[in-house]
Amino acid sequence: MSKLAKYLNRHIVGNVFEQPSILQAYTSDRSVLQYTPRFLALPETSDDVRRLVRFANQLAMRDFRLPITVRGSGLDKTGAAVGDGMLISMERLSHIEEIDVRGRLVRVQPGITLGCLNTALGLHGLTLPIEANPKVTIGGLIANCLNDDLSNHYGGIFHYVEQAEVVLSSGDIVQMHPYTTRAIDAKMQTTSAEGTLYRRIEQLLDQHGDT
């Protein structure tokens, strides 16, 4: 095992693999693209994800390229679930952490599938009205902002996300939820990684507003 893999395995609860026999299962998704990752990371906690991302960021500061790809169920048709750097699979972060029936809120990890979530919600007479492959992960639905056949009536997945805990490229964790324009302006005045993110988003919107 390489020094990088040994280091990561010492610092996360989950596992990092680099054996070709294991990596082979993660070289493709539903697209025509194929890439063999250098490492496969299977985090088991959000802190694992932070450590993995922060490690890649620290390498980048030393001019060492280790791009990150995040993978859910591998059902993406655009090649977004494959990469040649460190592939972080969410398959072990697949739990429902809380169901608040009265508040109509559910707190989940990103690797839980739509089918598993709706099975659990069905026990309470509830459902997430998203028409998609039941094997797709909630993280994948949010990342792709899927519009399905029910969107016109019930709205897409983004209508059902009250808050998201996001790991930024720096390894910092932020809690993201719908903001007012004034709140976003205040965030952009800060020197934090979150402030930098919002400033860059504003730049993209200014440059590509027509698109």
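Located above this text is the structure these notes cover.
Because the structure is a prediction, the values reported are computed rather than measured.

### Details of the overall build of the protein chain
Across its full length, the protein chain carries 8 helices and 8 strands. Considered along the principal axes of its C-alpha atoms, the protein chain spans approximately 50 × 45 × 35 Å. Residues counted as buried form 35% of the 211 residues belonging to the protein chain. Contacts in the protein chain between residues far apart in sequence, at least 24 positions, make up 46% of those at least 6 positions apart. On the protein chain, roughly 13,200 Å² of surface is accessible, and the fraction owed to carbon and sulfur atoms is 51%.

### Observations regarding unusual backbone geometry
One non-glycine residue, Asp 63, lies in positive phi territory at about 65°. Mapping Asp 63 onto the fold places it in the loop between helix H3 (46-61) and strand S3 (68-71). Even without being a glycine, Arg 104 presents a positive backbone phi close to 55°. Mapped onto the elements, Arg 104 comes out in the loop between strand S5 (96-100) and strand S6 (105-108).

### Looking at the sheet that holds S3
As summarised here, the arrangement of the 4 strands in space is S1-S2-S4-S3, forming an open sheet in which the pairing is mixed. Each of the sheet's edge strands pairs with one partner strand only, and the pair in question is strand S1 (15-17) and S3. Ignoring strand direction, the axes of neighbouring strands in this sheet form an average angle of 20°. With 3 bridges joining them, strand S2 (residues 39-42) and strand S4 (residues 86-89) adopt parallel strand pairing. Paired with Ala 41 across the bridge in S4 is Ile 88. Contacting S1, S2 and S4, helix H1 (residues 3-11) runs over the sheet at an angle of about 165° to S1.

### Quick look at the side chain of Asp 76
The residue Asp 76 is located in the loop between S3 and S4 in this model. Buried and unpaired, Asp 76 has Lys 77 as its nearest opposite-charge partner, separated by 9.5 Å. Polar side-chain contacts of Asp 76 include one of 2.3 Å to the side chain of Thr 78. In this structure Asp 76 touches Asp 29, Arg 30, Ser 31, Ala 81 and Asn 144, once residues within four positions along its chain are discounted.

### Some words on the nonpolar core
Ranked by internal contacts, the top residues of the largest apolar core, which has 18 residues, are Val 16, Phe 39, Leu 52, Met 86 and Ile 88. Secondary structure elements with two or more residues in this core: H1, S2, H3 and S4. Of all the elements, H3 adds the most residues to this core, at 6 residues. Other than its neighbours up to four places away in sequence, Val 16 contacts Ala 5, Leu 8, Asn 9, Phe 39, Leu 40, Ala 41 and Leu 52. Listed in part, the 12 residues of the second largest apolar core include Ile 112, Leu 114, Leu 126 and Val 136.

Conventions adopted
- Residues numbered from 1 in each chain as written.
- Predicted model: local features only at pLDDT ≥ 70, side-chain atom pairs only at ≥ 80, totals over all residues.
- Heavy atoms only, no water.
- Helix = DSSP H or I, 4+ residues; strand = E, 2+ residues; numbered from the N terminus.
- Buried < 20%, exposed > 50% of the residue type's maximum accessible area, 1.4 Å probe, protein only.
- Contact = heavy atoms within 4.5 Å.
- Areas by Shrake-Rupley, 256 points an atom, 1.4 Å probe, with all protein chains shown as cover.
- Pairing = 2+ DSSP bridges.
- Axes fitted to C-alpha atoms, helices over the stretch in contact; angles between N-to-C directions.
- Lys, Arg positive; Asp, Glu negative; His and termini not counted.
- Salt bridge = Lys/Arg side-chain N within 4 Å of Asp/Glu carboxyl O.
- Polar contact = N/O pair within 3.5 Å; in protein donor to acceptor, adjacent residues only side chain to side chain.
- Core = buried A, V, L, I, M, F, W, Y, C linked by side-chain atoms within 4.5 Å.

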